[in-house]
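The residues making up each chain are set out below.
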Amino acid sequence: HLEVVATWNEEAPRGAVIGGFVPYLNITANIKNQDTGQEISIRLDPHLNMSDNFHYARNTKLPGARDGLYTVIFSVNGPAPTEVGLHYDW
């Protein structure tokens, strides 16, 4: 299970709650087996866990032994302009 908790910091847009969940992110994880070099790339999707609240996660099979060594690189990108609207009330 890979999980990313993405929250707003003090540089958040006006109206966002500092420490609150950042929605609409596109998060991928590249998992590389350090012994064999085998790699997989997966997308993490939004989840709701009653103890963690909202987060991005995915259950995945590792590219090799369960007790092997792996490098995981997360890529976090905002939504495309057509995926979410942003506006301020008057």
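For the structure itself, look to the data block above.
Residues numbered from 1 in each chain as written. Predicted model: local features only at pLDDT ≥ 70, side-chain atom pairs only at ≥ 80, totals over all residues. Heavy atoms only, no water.

Asker: Talk me through the pattern of salt bridges; I want residue IDs and the actual numbers.
Answerer: By the definition in use, this model includes 2 salt bridges. Put simply, Arg 43 and Asp 45 hold a salt bridge, and the shortest N to O gap is 2.9 Å. Residues Asp 45 and Arg 58 are paired through a salt bridge, measuring 2.2 Å at the closest nitrogen-oxygen approach. Pair noted here: Asp 45 is in strand E3 (residues 39-49) and Arg 58 is in strand E4 (residues 53-58), with a separation of 13 residues, a long-range link. (Salt bridge = Lys/Arg side-chain N within 4 Å of Asp/Glu carboxyl O. Helix = DSSP H or I, 4+ residues; strand = E, 2+ residues; numbered from the N terminus.)

Asker: So what's going on with the environment of Val 4? Residues and values would help.
Answerer: Within the secondary structure layout, Val 4 lies in strand E1 (residues 2-4). The spatial distance from the C-alpha of Val 4 to the C-alpha of Ala 57 is 6.3 Å, given a sequence separation of 53 residues. If near-sequence neighbours (up to four positions away) are discounted, Val 4 is found in contact with Ile 27, Leu 44, His 55, Tyr 56 and Phe 74. (Contact = heavy atoms within 4.5 Å.)

Asker: Residue-level account of the sheet that holds strand E5 (residues 70-77), with values.
Answerer: The antiparallel open sheet is built from 5 strands, whose spatial order is E1-E4-E3-E2-E5. Unpaired on one side and paired on the other, E1 and E5 mark the two borders of the sheet. Ignoring which end each strand starts from, the neighbouring axes of this sheet average 30° apart. Pairing analysis gives 8 bridges linking strand E2 (residues 26-33) to E5, with the strands arranged antiparallel. Paired with Asn 30 across the strands is Ile 73, a residue of E5. (Pairing = 2+ DSSP bridges. Axes fitted to C-alpha atoms, helices over the stretch in contact; angles between N-to-C directions.)

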